[in-house]
Amino acid sequence: RLWLDPESKMFWKGFFQTSVAPEKNEVMSYCCAHFAVHRSRVHLRPLSFYNRALQYVTSLEGASFLPASGNHIGKMDIGCRLACQLMMPT
C-alpha cells in the first residue's frame, strides 16, 4: 500500500495525536494489515489515548483520510464497517 501525501500524514497525525508524521517509505503496509505490540509498550499510553484513537478512526473526519474511500463515506459506513473495509475500492 502506498503512503499518500498529504492524506496518510493527516491520518497519522489524527490517529496518533502527533504534530509530525513519517516520510514516504518509512511506513509500509498493505490492505487489512495488522501489527503486534508488546503489552508493556501498550501500557505506556493511557487508556484515553486508545479511546481517542478509536473515536477518530470511527468518525467521518478520520475515515475521510483513508485511501480509496473517496467522498462517499457516511455514518452508516463507519458504524457498520471496519477501517480496512472502508479502504477497499468499491
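Summarised in this report is the structure supplied together with it. (Residues numbered from 1 in each chain as written. Predicted model: local features only at pLDDT ≥ 70, side-chain atom pairs only at ≥ 80, totals over all residues. Heavy atoms only, no water.)

Three or more residues of helix H1 (residues 7–16) are buried, namely Ser 8, Lys 9 and Phe 11. What you see down the axis of H1 is that its buried residues fit within an arc of 160°, all on one side. Positive backbone phi, at 55°, marks Gln 17, one or two positions downstream of H1. (Buried < 20%, exposed > 50% of the residue type's maximum accessible area, 1.4 Å probe, protein only. Helix = DSSP H or I, 4+ residues; strand = E, 2+ residues; numbered from the N terminus. Arc of directions from axis to C-beta.)

Turning to the pattern of salt bridges, a few remarks are in order. Throughout the structure, instances matching the rule amount to one salt bridge. Residues Lys 9 and Glu 23 are paired through a salt bridge, measuring 3.1 Å at the closest nitrogen-oxygen approach. One end of the pair, Lys 9, is in helix H1; the other, Glu 23, is in the loop between H1 and helix H2 (39–42), and 14 residues separate them in sequence. Assessed through its relative accessible area of 44%, Glu 23 is described here as partly exposed. (Salt bridge = Lys/Arg side-chain N within 4 Å of Asp/Glu carboxyl O.)

What follows is about the environment of Asp 5. Its location among the elements puts Asp 5 in the segment before H1. C-alpha separation for the pair Asp 5 and Glu 23, spaced 18 residues apart in sequence, amounts to 9.0 Å.

So, to be careful, I would describe these as geometric facts and stop short of saying anything about function.
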